[in-house]
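# Architecture at a glance
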Amino acid sequence: MNRRVECSMLPFLTNVFCCEGAPLTRFTMPRVVPDQREKFDNDELFRKLSRESEIRYTGYRDRPLEERQLRFQTEVREGHADIAFVGPGSNLSLQFMSNAWSDNPDDRVPTREFVDFDREPGKVHLKSQLIMNGVCVIWRGWIDLQRLDGTGCMEFDEERAQVEDATLREQIAQYNSRLRDFEERQQQYRDSQARQAEAEAESTAFSLDPQPGPSGS
């Protein structure tokens, strides 16, 4: 049975809270790992997917072949499709669009660079940019329009990885700065509470201390 690998395009950053009741500790979690290249080169799954291997369209498997062929072409022209690496048994939900990282949906369009029906008769050549398991990658492959199978592989997306690494460093720096400010304010609050408690203790001790009475004549 194939195991599904989630590779959908997520929002640029995801909000996370690390401490209840402490707004200053709210931070956003970048989508990439600190050393993307090392993980891509050494992770077993990436090593398998980086080798050219058999792929297959997996959408609408309960429908007749003719219907699946039509649906595949429709989906690809829209800029998306579910593709499986047959050997590793990994299913990917891919998007074939330019400007995949843009927040504006109008910028993300399936251009010929990402969906090419003209390169070879009877085939469509596809390209997808995504972040998979914290690593920026590019998926490339082609699929036969009749058989709905072909070959594909993944490669490391050096250019996008540099952008995401910069975002990661910026987010860590911002979080550390906010955390330092929060800790300083917490320390100031504790010091203030300690001084107040000390003053109250001194006041209580003074009020309980017996006062000397008037001297007799």
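Preceding this section is the structure that the text describes.
Right, let's walk through the structure included here. Only a predicted model underlies this, so the values are computations on that prediction, with no experimental measurement involved.

Rules of the game
Residues numbered from 1 in each chain as written. Predicted model: local features only at pLDDT ≥ 70, side-chain atom pairs only at ≥ 80, totals over all residues. Heavy atoms only, no water. Helix = DSSP H or I, 4+ residues; strand = E, 2+ residues; numbered from the N terminus. Buried < 20%, exposed > 50% of the residue type's maximum accessible area, 1.4 Å probe, protein only. Contact = heavy atoms within 4.5 Å. Areas by Shrake-Rupley, 256 points an atom, 1.4 Å probe, with all protein chains shown as cover. Phe/Tyr/Trp six-rings, centres within 6.5 Å; stacked < 30°, edge-to-face > 60°. Lys NZ or Arg CZ within 6 Å of the ring centre and 35° of its normal.

### A closer look at the overall build of the protein
What the protein contains, in helices and strands, is four helices and ten strands. Along its sequence from the N terminus, the protein presents helices and strands in the succession β-β-β-α-α-β-α-β-β-β-β-β-β-α. Put simply, the protein has 217 residues, and 37% of those count as buried. Contacts spanning at least 24 positions in sequence make up 56% of the contacts within the protein whose residues lie at least 6 apart. Carbon and sulfur atoms make up 49% of the accessible area of the protein, which totals about 13,500 Å².

### Some details on the packing of aromatic side chains
Under the counting rule described, the total for this entry stands at four aromatic pairs. Summarising the aromatic geometry, the rings of Phe-40 and Phe-156 are spaced 5.7 Å apart at their centres and angled 45° between planes, so their arrangement reads as tilted. Note that Phe-40 is positioned in helix H1 (residues 36-42) and Phe-156 in strand E10 (residues 149-156), a separation of 116 residues in sequence. Pairing Phe-96 with Trp-139 gives two aromatic rings, centres 6.1 Å apart and planes at 45°, and the pair type is tilted. Taken together, the residues Phe-96 in the loop between strand E6 (90-95) and strand E7 (115-116) and Trp-139 in strand E9 (residues 135-144) connect sequence positions 43 residues apart. The same class applies to Phe-96 as to Trp-139, namely buried. Taken together, the ring pairs in this structure connect Phe-40, Phe-46 and Phe-156 into an aromatic cluster. The lysine or arginine in question, Arg-71, covers the ring of Tyr-60, its NZ or CZ lying 4.2 Å from the ring centre.

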